[in-house]
Every structure is written in C-alpha cells, then in structure tokens.
Amino acid sequence: MIDKELQKENVGIKATKLIKDGQVVGLGTGSTTQYFIKHLGKRIQEEELDIIGIPTSYQSLITAKDVGIKTGTLDEYDIDIAVDGADEIDSNMDLIKGGGAAHTLEKLIDSAAKEFIVIIDESKSVEKLGRFPVPIEIIPEALRIVKKTLTDINGFPELRMGINKDGPVITDNGNFILDTKFEEINNPKELESILNSIPGVLENGIFAGIVDQAIIGQENDIKTKYNENREIYS
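The following refers to the structure shown. Please read all numbers here as calculations on a predicted model, not as lab measurements.

With that settled, the discussion passes to unusual backbone geometry. For Glu48, which is not a glycine, the phi torsion comes out positive at approximately 55 degrees. Within the secondary structure layout, Glu48 lies in the loop between α2 (31-47) and β2 (52-55). For Glu48, a relative accessible area of 72% corresponds to the exposed category. One non-glycine residue, Asn164, lies in positive phi territory at about 65 degrees. Examined against the element boundaries, Asn164 turns out to sit in the loop between β9 (155-159) and β10 (176-182).

The structure is reproduced here in structure tokens:
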C-alpha cells in the first residue's frame, strides 16, 4: 500500500536540502508544502541559517511563523528559490494548481523566483492535464459573465463553495473561485492565456513553462525531473 503522506514528507525533506544559507525562499501552499516549511524551520533552527521566507498564503505564513522562519514580501526581496506543490503535473512539467485557492499569489511568487521547484506525491503525475479542474479566481461582480464566457469556450465552471461556512469560498484576495473542467487541455499555455484574457478573471491555475525541477515521491524512492526550457516571467 502506498503511503501518500510519507511520500509528501519525503519530498518535502529533500527540498529543504536544496536551500542554502542566506537565500530568500518562496513558501508554497498545500499539504505537501507544509512538510517542506516545517522541516525547513527545523533545519534553520538546528544549523542557525539566515533564511527569509516569502509566503504564498495565510496558511504558509502562519506555519512559517510557527516554526520560526522569518518572513518578508515581494516588495522587500527578490526570491532565490520557490518550493510549491501541485494538483497535477504533466509530462511537459506544466501544472494545475489552486486546490487551496492560493494560486494567484503562488503564480506571482513561483514565476518570480530564480528557481522554482515543485514537490508532489506520484498520484499528482499525469500524462496530460485535465483530470483536475482549473481553478479560476474572479472578482465577485463578474460571476455571471465569466461563467457564461467559460461555458462558451467549452468549459464547465462550478462556483467553489465553503466547508464549515455558508456560501462560496473567499480567497485571500477577497474573490471567488470557479473550478472549471475542460474535456481536454491540449495546449496548457494557450488556455492559460485565454482564461486570463477574460474580463473579471484575476488569475487561473494553469502554470505553463515555469518549473525548473520536479521532485516526485514514489513508492520506494524519489524521482527528480529537470526542465531545460523554463520560461522566466520576471
């Protein structure tokens, strides 16, 4: 039986070993990245490292503070390396992210980093994106219009609803999330651009062409993939 939590922790630990003293580190969001942040905090304390973390969400900010990682913002620092999870990664190392509704700041921080590393368990690895719906962050006033536009381009949008609260999920930016299923995603980069061109859309969860390295937890070991064609946004 595959222990996904062990895979997540193992890739989180491996990623901490790539962090060097004096670096500014983007701290991703999600269950796998939580292991990375916690073990990075442990390493900082044990080795007395000077590390600044740039959180991608309130979740990562709170965890970083709990484990003693000093934090800052993009206004203050350039990012040396970002470590984040993914909901899916395809054979070209394109991603779908946003299951935690933090993909807007994640994309900003991950794409601005000099090096972007994705850490996942093997269940997130797919041949082609599309098993997971694309999260799209929209301003609340645009809900009806954006839903209609997404339907017109053969998407199947659903407003993400809250758990243990009434009404929709509200992002850290005060917006809604439309989880949008597409029958197939043949060109992630093109779809990413199309979605972001829709008025009312803040950002979508397709991350195309920005991953440098993927660390993938497997049943008995860890696999590392490298991308020589990374596109740098910053």
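Next, the rest of the story.
A separate point is the packing of α2 against helix α3 (residues 58-66). At a minimum axis distance of 9 Å, the contact between α2 and α3 shows a crossing angle of 25 degrees. Accordingly, the angle class assigned to the pair α2 and α3 is roughly parallel. The interaxial crossing formed by α2 with α3 has right-handed handedness. Where α2 abuts α3, its residues Gln34, Ile37 and Lys38 lie against Gln59, Ser60, Thr63 and Ala64. Of the residues belonging to the contact of α2 with α3, the class tally is two nonpolar, four polar and one charged.

Conventions adopted
- Residues numbered from 1 in each chain as written.
- Predicted model: local features only at pLDDT ≥ 70, side-chain atom pairs only at ≥ 80, totals over all residues.
- Heavy atoms only, no water.
- Helix = DSSP H or I, 4+ residues; strand = E, 2+ residues; numbered from the N terminus.
- Buried < 20%, exposed > 50% of the residue type's maximum accessible area, 1.4 Å probe, protein only.
- Axes fitted to C-alpha atoms, helices over the stretch in contact; angles between N-to-C directions.
- Parallel < 35°, antiparallel > 145°, perpendicular 65-115°, else oblique.
- Left-handed = near helix turned anticlockwise from the far one by under 90°.
- Contact = heavy atoms within 4.5 Å.
- Nonpolar A, V, L, I, M, F, W, Y, C, P; charged D, E, K, R; others polar.

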